Amino acid sequence: QVQLVESGGGVVQPGGSLRLACAAAGGTGEEYARGWFRQARGREREGVSCISVPDGTIYYADSVKGRFIISRDNAKDTVYLQMNNLKPEDPAVYFCASPVTVVASTILGPSTGFGSWGQGTQVTVSS
């Protein structure tokens, strides 16, 4: 299975920005839609954004639409999440996963054993 590694998390002020990266290695060379998820303390994991291959179709959760931008660098096999205007409700551990699907406007990640999840990167918003 492809291995996913997230990076770019950190501590920012409200209204600040961070750029997360999800790099892939290994696997068979096949590409599937990849997405970002987040899990805040005491809350369930939620889908944030995803991008398909090869056409790059994009989906955003309503909570981040207009603030976050997902993109893919095919040459580097890396997906990015540019997070702008971060708000107090955005702090969480952000995970990258593949494959992902969108069902009833909800971004869904793979079940254990049927895809790949990264280890996560912490995003903190603090004044």
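Please read all numbers here as calculations on a predicted model, not as lab measurements.

**Student:** A description of the nonpolar core should follow, citing residues and the corresponding values.
**Tutor:** Ranked by size, the top nonpolar core spans 24 residues in total, and within it Trp36, Phe68, Leu81, Met83 and Tyr94 carry the most contacts. For this core, the secondary-structure elements that each account for two or more residues are strand S3 (18-26), strand S5 (46-51), strand S7 (68-73), strand S8 (78-83), strand S9 (92-98) and strand S13 (121-125). Per-element accounting of this core gives the leading share, 4 residues, to S3. Ranked by size, the runner-up nonpolar core spans 6 residues in total, among them Ala33, Cys50, Ala97 and Val100.

**Student:** Give me the lowdown on the sheet that holds strand S1 (residues 2-7), citing residues and values where you can.
**Tutor:** What links the strands of a sheet is backbone hydrogen bonding, and the strands pair in either a parallel or an antiparallel sense. Across the sheet, which stays open at both edges, the 4 strands sit in the order S1-S3-S8-S7 with antiparallel pairing between neighbours. Every interior strand has two partners, whereas the edge strands, S1 and S7, have only one. Adjacent strand axes in the sheet meet at a mean angle of 15°, parallel and antiparallel pairs treated alike. Note that S1 and S3 share 6 bridges and pair antiparallel. Note on S3: the bridge partner recorded for Val5 is Ala23.

**Student:** How would you summarise the environment of Ile70 if you had to cite specific residues and measurements?
**Tutor:** Position of Ile70 relative to the elements: it lies in strand S7. Taking relative accessible area as the criterion, Ile70 reaches 3% and is therefore assigned buried. In the structure, Ile70 is positioned 36 residues away from Thr106 in sequence and 16 Å away in space, judged by C-alpha atoms. For Ile70, the contacting residues outside a window of four places in its chain are Arg34, Trp36, Ser49, Cys50, Ile51, Ile58, Tyr60, Val79, Tyr80 and Leu81.

How each quantity is defined
- Residues numbered from 1 in each chain as written.
- Predicted model: local features only at pLDDT ≥ 70, side-chain atom pairs only at ≥ 80, totals over all residues.
- Heavy atoms only, no water.
- Core = buried A, V, L, I, M, F, W, Y, C linked by side-chain atoms within 4.5 Å.
- Buried < 20%, exposed > 50% of the residue type's maximum accessible area, 1.4 Å probe, protein only.
- Helix = DSSP H or I, 4+ residues; strand = E, 2+ residues; numbered from the N terminus.
- Pairing = 2+ DSSP bridges.
- Axes fitted to C-alpha atoms, helices over the stretch in contact; angles between N-to-C directions.
- Contact = heavy atoms within 4.5 Å.

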